[in-house]
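Results of the structural survey
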Amino acid sequence: MNLDKVFFQNLMKDLFSDPCEVKYWDGDVVNYGGGAAQFRIKFKEPLSKSEMISDPSLAFGEGYMQRKIDIEGNIQQVIESLFNNQDSFLHQKNKFVKLVNIFSNNIRKSKENIQYHYDIGNDFYRLWLDETMTYSCAYFKSPEDSLTLAQKNKVDHILRKLNLQSGQTLLDIGCGWGELILNAAKTYQVKALGITLSSEQYSRVLERIQEESLQELVEVQLIDYRELKNRTFDRIVSVGMIEHVGKENIKEYFSTVQVLLNKGGASLLHSITGYEEGGTNSWINKYIFPGGYIPVIQELVNHIAENSFYLIDLESMREHYTRTLEHWAENFEKSLALIQTMKDETFIRMWRLYLCSCAASFHCGNLDLHQLLFTKGVNNLWPMTRQNIYS
């Protein structure tokens, strides 16, 4: 009796919510779920049983990266089929399914983690991001919106929420490639500072400031937000950054914003969120975002209240992120010939799995994306409706 074969046959029969076909390493082909197979899983060799039991996410992810298994069909659909099967062992609340709570990120470690992901190279990101080089959830006013238009929509949506006024000061914590601070300066004539830990992003923002002759209004620093001293701002924004600070540093993030924000000022936090115990997928933590931590929504709201901030707006943009990731995945595949000249097959399979699995996570509701807007103290001059955002 082939124990590996028996183990995986028992595992696969209850794993997916859709009919599928599995081809094993010995050539045997089995249909699971009845009906026409929606996709095919091909085992070129058995994966470690102990690794599958202790950490299935890491075992499957590494198996795909190392070409021990292949997927024929839409990878996002396959992962959604995993998530949607509530009866599989992946959904059992026991020791076999785990999230990884991450260590504290000090300033040095935070810089290392950010550079691991964001300093892969601007040339790589340019191939599959939109022309604004925005690497966060877009905002689709219409299903027909292009990715570039949706990213411009997102920046406009955030700036409108912040109710910016000419002459105000704006801090962008984790400014990416600078799209938000540059637009804030051009559209609202505010003085904007962007900070980042990515040297690649820092260099490009400097170039863009020069190219658009915005030296009087925009500056960028290669610095950790905790190192920013003796300055305060009327508005503070952070888009897709707090997920990198680590669980133990979320409290420090909010207390730092409390110090940096002027009284009556406003801050907008744009963050991936969860609904159950916070953490990060172990495969994502090892290969994509080391040191990452996805906060649960109530965690963020509690920190806002504990710092005497007033929460004035909360919006979910979950399906916007699904669509954003689908655009990125499509662009990635369209650019595959060029990416293959830059990266090896293991990296390509890793990145493909990352984009598709994240799209599946948002579409299935495992993850959400929230924008939280809050003020420092009472601000009775703030607009009483959302008309300023949508007009």
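Scroll up a little and you will see the structure.
It should be emphasised that the depicted structure is a prediction, and the values quoted were computed from it without experimental measurement.

Thoughts on the overall build of the protein chain
- Helix and strand counts for the protein chain come out as 16 helices and eleven strands.
- Relative to the 2.2 N^0.38 estimate, which gives 21 Å for 391 residues, the radius of gyration of the protein chain is 22 Å and therefore close to what a compact globule would have.
- With the C-alpha coordinates of the protein chain rotated into their principal frame, the extents come out at 75 × 45 × 40 Å.
- In the protein chain, buried positions account for 54% of the 391 residues.
- Counting contacts in the protein chain only where the partners sit at least 6 residues apart, residues at least 24 apart contribute 71% of the total.
- Accessible surface for the protein chain amounts to roughly 17400 Å². Of this, 49% is attributable to carbon and sulfur atoms.
- Of note, the protein chain has its 41 positive side-chain charges centred 2 Å away from the centre of its 49 negative side-chain charges.

Re the side chain of T256
- When you line up the elements, T256 lands in helix α10 (residues 250-260).
- Leave out the neighbours within four places in its chain, and T256 touches Y225 and R226.

Here we look at the sheet that holds strand β5 (residues 169-173)
- Reading across the sheet, the seven strands line up as β7-β6-β5-β8-β9-β11-β10 and stay open at both edges, with mixed pairing between neighbours. For this open sheet the edge positions go to β7 (218-222) and β10 (309-316), each flanked by a neighbour on one side alone. Recorded for the sheet is a direction-independent mean angle of 15 degrees between the axes of neighbouring strands.
- Pairing between strand β8 (residues 233-239) and strand β9 (residues 261-273): six bridges, direction parallel. Opposite F233, over in β9, you have L261 as the bridge partner.
- Sheet strands touched by α10: β5, β8, β9, β10 and β11 (368-376). Its angle to β9, the strand with the most contacts, is close to 150 degrees.

Let's talk about the state of the cysteines
- Evaluation of the coordinates by the stated rule reveals zero disulfides.
- Not engaged in a disulfide, the cysteine C20 finds its nearest cysteine sulfur in C364; these two sulfurs lie 16 Å apart.
- With no disulfide partner, C356 has as its closest neighbouring cysteine sulfur the one in C358, 9.5 Å distant.
- Note on C356: relative accessible area 12%, which makes it buried.

Description of helix α4 (residues 75-84)
- The buried count for α4 comes to seven of ten residues, which makes it a mostly enclosed element.
- Along α4, the residues that are buried comprise I75, Q76, V78, I79, E80, S81 and L82.
- Packed against the buried residues of α4 are β3 (40-43), α3 (56-65), β4 (69-72), α13 (318-334) and α15 (345-363).
- The N-cap residue of α4 is N74: its side-chain oxygen and the backbone nitrogen of Q76 are 2.9 Å apart.

Topic: helix α1 (residues 3-12)
- For α1, the complete set of buried residues consists of K5, F8, L11 and M12. Seen along its axis, α1 keeps its buried residues to an arc of 130 degrees; they face one direction.
- Contacts made by the buried residues of α1 are with β1 (20-23), β2 (29-32), β3, α2 (49-54) and α3.

A look at the sheet that holds β2
- Read from one edge to the other, the open sheet built from four strands follows the order β2-β1-β3-β4, with strand pairing classed as mixed. Looking at which strands have only one partner, the edges of the open sheet turn out to be β2 and β4. The mean angle between the axes of side-by-side strands here comes to 20 degrees, regardless of whether they run parallel or antiparallel.
- The pairing of β1 with β2 spans four bridges and is classified as antiparallel. Paired with V22 across the bridge in β2 is V30.

Comments concerning the pattern of salt bridges
- Counted under the stated rule, the structure contains 25 salt bridges.
- Linking R204 and E207 is a salt bridge whose minimum nitrogen-to-oxygen distance equals 3.0 Å. With R204 and E207 both in helix α9 (residues 199-211) and three residues apart, this pair spans about one turn of that helix.
- Note on E207: relative accessible area 41%, which makes it partly exposed.

Regarding the nonpolar core
- W128, Y135, W283, W351 and Y354 are the most contacted members of the largest nonpolar core, which has 67 residues in total.
- Among the elements that line this core, the one with the most residues is α15, at twelve residues.
- Look past the residues within four positions of W128 in its chain and what remains in contact with it is Y135, L147, W328, N331, F332, W351 and L355.

Focus on the environment of C175
- Here C175 shows up in the loop between β5 and α8 (179-188).
- By relative accessible area, which is 7% here, C175 ends up buried.
- Spatially, the C-alpha atoms of C175 and T134 are 9.7 Å apart, while their sequence positions differ by 41 residues.
- Setting aside chain neighbours within four positions, we find C175 in contact with G194, I195, T196, V205 and V220.

A short note on unusual backbone geometry
- One non-glycine residue, M133, lies in positive phi territory at about 60 degrees.
- Relative to the assigned elements, M133 resides in the loop between α6 (122-128) and α7 (147-161).
- Unlike most non-glycine residues, S308 shows phi in positive territory, near 60 degrees.
- Mapped onto the fold, S308 is located in the loop between α12 (297-306) and β10.

Cut-off values and rules
Residues numbered from 1 in each chain as written. Predicted model: local features only at pLDDT ≥ 70, side-chain atom pairs only at ≥ 80, totals over all residues. Heavy atoms only, no water. Helix = DSSP H or I, 4+ residues; strand = E, 2+ residues; numbered from the N terminus. Rg over C-alpha atoms; globule rule 2.2 N^0.38 Å. Buried < 20%, exposed > 50% of the residue type's maximum accessible area, 1.4 Å probe, protein only. Contact = heavy atoms within 4.5 Å. Areas by Shrake-Rupley, 256 points an atom, 1.4 Å probe, with all protein chains shown as cover. Lys, Arg positive; Asp, Glu negative; His and termini not counted. Charge placed at Lys NZ, Arg CZ, Asp CG, Glu CD. Pairing = 2+ DSSP bridges. Axes fitted to C-alpha atoms, helices over the stretch in contact; angles between N-to-C directions. Disulfide = S-S within 2.5 Å. Polar contact = N/O pair within 3.5 Å; in protein donor to acceptor, adjacent residues only side chain to side chain. Arc of directions from axis to C-beta. Salt bridge = Lys/Arg side-chain N within 4 Å of Asp/Glu carboxyl O. Core = buried A, V, L, I, M, F, W, Y, C linked by side-chain atoms within 4.5 Å.

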